[in-house]
Amino acid sequence: MSTMKERFAPEPERYEFSAAPMHQFELARRDFFKVLGAGIAVFVVAKEALPAQETAAGSRSFHNEELPKEITSWLHVGEDGVVTGFTGKAEMGQNIRTSISQTIADELRVPFESVRLVLADTTLTPFDAGTFGSRTTPTMTPQFRRVAEAARNLLIGVAAKEWNVAPEGLVAADAKVTDPTSKRSLSYAELARGKTLAQNLPAEDPITPASEWKIAGKPLPKVDGRAFVTGRHQYTSDIRLDGMLYGKVLRPPSFGATLTSYDDTAAKAMTGVTVVRDGDFIAVAAPSAHEAQKALDAIHTQWKEVPQVPSKEIFSHLKKNAEPSSNERFRRQKGSLEEGLAAAAHRIDATYNVAYIAHAPLEPRAAVAQWTDGKLAVWTGTQRPFANRDELASVFHIPESNVRVIVPDTGAAYGGKHTSDAAIEAARLARATGKPVKVVWTREEEFTWAYFRPAGVIEVSSGVTGDGKLTAWEFHNYHSGMSGIETPYDVANQLTQYHQVPLVLRSGSYRGLAATANHFARETHMDALARVAKMDSLEFRLKNLSDVRMRAVLEAAAKSCGWPRKKTQEGQGFGLACGAEKGSYVATCAEVAVDRASGSVRVVRVVEAFECGAIVNPDGLRNQVVGAIIQGLGGALFEAVEFENGHIKNPHFSAYRVPRFRDVPEIEAVLLDRKDLPSAGAGETPIMTIAPAVGNALFDATGIRLNNLPLVPNGLRAA
Amino acid sequence: MAKAMEIEVNGKHYAVSYPADTPLLDVLRDELSLTGTKYGCGEGQCGACTVLIGGAPKRSCQIPVSAAVAKPVTTIEGLEKEAKLHPVQQAFLDAGAFQCAFCTSGMLMSSVGLLQKNANPKREEIVQSLQGNICRCGTHPRIIEAVQHAAKMMQERGR
Ligand code: FES
Ligand code: FES
């Protein structure tokens, strides 16, 4: 596994803010309009301090013209009236193609249908660090408002000049500019005709308040929905280029295994087959997938395997192998734990374990690569097109400007598609064969060679007064990560610490990162504390919570689920949990039914209240929230990656159980629309609280406290 | 080695050059370029590859192409007739029953198969017949809603 460690650095789970450098620049204007045609263009230059991850260093190219890296998005109004927005973000089911189009239409005053978006193409779109961290809505919504507003003003300016009147009196609506006095009007298409007008814009002007939105804020259906229900949309794995070959990669039998013998004579003798062996990379390309598979099977190899930690021992391993001198930046402390514990009437210490889980997006990793005159083009479903481009450039020792990465709307990712694995494999084979090559991972490869959400151990020590006031809170997370590690509750004496542990399995981002693990531990612990304090768990939380947005979601969820609920049947239980992360707030109330005889556990109903500022598209948001609840149920109840000596033991849907129709409870999503607050992202936070809510409900039903995720991989038998 | 076979897909006849034991899924996607049918696992576990064979929903990754010779195959590309969506497609669109939509094709085909057999399925029957179809994005409630809506539309049309 050493090679993996060298190659892969897990995504930092810290969101640090640093100011981006400020530069003035001249745009490669001529070039821009050559590509897009004449019209009106506005570029956003981010001067504001943006999160470091959004403005990471790296050159950008626009048809090989270097563009300043401060440009983060742009908009073009063409001579035909078509409005095109450009951003490096990718669409993976989170519905940004729709929500960003709404924002542009709203601010530019054009019909929704006239807007199209070019996303995640390293040649056509501005640099972007990646589509993760729920950053698309909070960064792109205000930016596209600003570009659209500027474009609108440019169009008004053109009209004013045309009519020789002051721009102030003119009105922009329905894709035209009108002079109310003379009743003249010109369409945007007419105004853009023959122009090559561009403007650079600082990303800091005020924007239209959400209360005045007309197209944004509405539940508009998914853009291109018809292409999806007719099967016409082409995902990466559907692309077929002329003369394209199919690639397959030979995987070692286990992580860290080394090759001891190799014979590819038979494979090489097959017609149309190319075998590539380059260091530890062994792969074949053939005219069809089945020929590629046959060739792969014909390569004879032997391997030396190495003993490795099994999943059975992972938690003690993590605890034992924590790095001793944990960095001070991973530690937050205030007050005195000693004093806090001394003041406590009750004390609870507990350990929580969280298993490795897999993303298992339904579309496995895939890439199509093509070389033309030393330049590489790759289509691949990744969340980080620009990082993939840079990786490809470095792997193949070519300039970044010779690599183009294009991301077709993708069969989901959930944090699992940051790396360029399939892209590198396809590109290597394409270089060897001189033909375009497609590589699509099998489900087993996806379950084995992708990366996982890391396992973790969390230890909590706490104290509470007789009347339910928290006095002490000590929280240690080993390995799983720092997201959502800080308690939102009011505790004067607290210590929070993250302990790094060297990677055991290849690990990386997963929807919500470690916030799910940290919320599971915290909210389960809060439930246990409420019990010792003999308080209702809603009342207990509210007593220790001054954050008004958190209180609001908690109260909304409690109200919709009818908290406090009286149990009316044997095996019934109710549980509550809340949390906040990345600028949005969530509270979940779960009802479970446990059959103590059979051990079967059913989640009957889930009410989740969610607040992420001003809602851009309530329909898309509801889909994301409900989807997060259902996906979260998998990790809560039964998902776990099992491994031993570097083998994944359950790399199939038959052995790695994911939520299916029968697992889905009745779900009510309560969306709180805060038009007075900026829109935050919603892809991740709604997944955080389902596990503790269900765990707490199971305790309510059975009196059994479950401190490990997954909670009930084998049901719940009588204690 | 490959013996010529003829299969009927969406009303068209195709001569297939792939070996007889090739999964129908590969033939549809790679040879006939009908890529609306998806690969999600190749193991009969996810339903992304569902097509109708002789009107019954089947996992095309588990069916050798030779087994599809005798009966007509319908894929998602064959649902739309004269630029008019099949009611199930329309219902999925109306309900917004997708996120990444990678499961949609299999969901649609399983649902069409169900409604052909049972014009007015109960909720539990829908759950039962979609149990083999995975949606990782968690769109299940809307998919059920869409199937119910489609059943209603189809009944109103008197089909
Ligand atoms: S691809 Fe056939 S069932 Fe998954
Ligand atoms: S919508 Fe993504 S898998 Fe179902």
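Just so you know, these numbers come straight off a predicted model, no measurement behind them. (Residues numbered from 1 in each chain as written. Chains lettered and ligands numbered in written order. Predicted model: local features only at pLDDT ≥ 70, side-chain atom pairs only at ≥ 80, totals over all residues. Heavy atoms only, no water.)

(A) Summary view of the state of the cysteines. All names here are of chain A. Evaluated as defined, the whole model comprises one disulfide over all chains. Shown here is the disulfide that connects Cys 561 with Cys 589, its sulfur atoms set 2.4 Å apart. Across the S-S bond of Cys 561 and Cys 589 the torsion is about 75°, and the bridge reads as right-handed. Within this pair, whereas Cys 561 is found in helix α16 (residues 548-561), its partner Cys 589 is found in strand β28 (residues 584-595), the two being separated by 28 residues in sequence. As far as the burial class goes, Cys 561 and Cys 589 line up, both buried. (Disulfide = S-S within 2.5 Å. Helix = DSSP H or I, 4+ residues; strand = E, 2+ residues; numbered from the N terminus. Buried < 20%, exposed > 50% of the residue type's maximum accessible area, 1.4 Å probe, protein only.)

(B) Here's a closer look at the packing of aromatic side chains. Residue and element names in this part refer to chain A. The full count for this structure, using the stated rule, is twelve aromatic pairs over all chains. Each ring, one from Trp 371 and one from Phe 396, has its centre 5.4 Å from the other, and the planes form 80°; the classification is edge-to-face. In this pair, Trp 371 sits in strand β20 (residues 366-372) while Phe 396 sits in helix α11 (residues 385-396), placing the two residues 25 residues apart along the sequence. By relative accessible area, Phe 396 is classed as buried at 5%. Here the aromatic rings of Trp 473 and Phe 475 are separated by 6.1 Å at their centres, their planes lie at 20°, and the arrangement is stacked. A residue is classified by how much of its surface remains accessible, and Trp 473, at 0% relative accessible area, is buried. (Phe/Tyr/Trp six-rings, centres within 6.5 Å; stacked < 30°, edge-to-face > 60°.)

(C) Spatial organisation of helix α3 (residues 104-117) of chain B. Taking 1.5 Å of rise per residue, the 14 residues of α3 of chain B would be expected to cover 20 Å, and the 20 Å separating its terminal C-alpha atoms lies within 8% of that figure. Here α3 of chain B has its buried residues at Thr 104, Ser 105, Gly 106, Met 107, Leu 108, Met 109, Ser 110, Ser 111, Val 112, Gly 113, Leu 114 and Leu 115 of chain B. (Expected span 1.5 Å × (residues − 1).)

(D) Spotlight on the pairing of strand β29 (residues 600-611) of chain A. All names here are of chain A. Pairing between β28 and β29: eleven bridges, direction antiparallel. For Tyr 585, the partnering residue across the bridge sits in β29 and is Glu 611. Taking the residues between adjacent antiparallel strands as the criterion, β28 and β29 are bridged by four residues, where Gly 599 takes a positive phi near 85°. Where β29 and strand β32 (residues 666-672) come together, seven bridges link them in parallel fashion. (Pairing = 2+ DSSP bridges.)

(E) Focus on the interface of chain A and chain B. Across the boundary between the two partners, chain A contributes 52 residues, which contact 52 residues of chain B. Carbon and sulfur atoms make up 53% of the surface buried where chain A meets chain B, a total of about 4400 Å² over both sides. At the boundary of chain A and chain B, one finds six salt bridges. Note that Arg 29 of chain B is salt-bridged to Asp 238 of chain A, the shortest N-O span being 2.8 Å. Our count for the chain A to chain B interface comes out at 33 residue pairs in polar contact (both at pLDDT 80 or more). If you list the elements that add at least two residues to the side of chain A that touches chain B, you get α6 (225-229), α8 (289-297) and α17 (618-637) of chain A. (Contact = heavy atoms within 4.5 Å. Buried area = accessible area lost by both parts, 1.4 Å probe. Salt bridge = Lys/Arg side-chain N within 4 Å of Asp/Glu carboxyl O. Polar contact = N/O pair within 3.5 Å; in protein donor to acceptor, adjacent residues only side chain to side chain.)

(F) A look at the sheet that holds strand β10 (residues 176-179) of chain A. All names here are of chain A. Taken together, three strands build an open sheet; the order of strands is β9-β10-β11 and the sheet is antiparallel. Where the open sheet ends on each side, the last strands, each with one partner, are β9 (171-173) and β11 (184-187). Direction aside, the axes of adjacent strands within the sheet are offset by 25° on average. Against the sheet, helix α4 (residues 136-163) touches β9, β10 and β11, its axis set at about 45° to β10. (Axes fitted to C-alpha atoms, helices over the stretch in contact; angles between N-to-C directions.)

(G) Structural detail: the sheet that holds strand β21 (residues 375-380) of chain A. All names here are of chain A. The mixed open sheet is built from seven strands, whose spatial order is β15-β16-β13-β23-β20-β21-β22. At either end of the open sheet lies a strand with only one pairing partner, and these are β15 (274-278) and β22 (403-406). The average undirected angle you get between the axes of adjacent strands in this sheet is 20°. The pairing of β15 with strand β16 (residues 281-286) spans five bridges and is antiparallel. Residue pairing across strands places Arg 277 opposite Ile 282, the latter belonging to β16. Of the strands in this sheet, β13 (245-249) and β16 touch α8, which is tilted by about 35° from β13. Relative to β20, helix α12 (residues 421-433) is tilted by about 35°, and along the sheet it contacts β13, β15, β16, β20, β21 and β23 (437-440).

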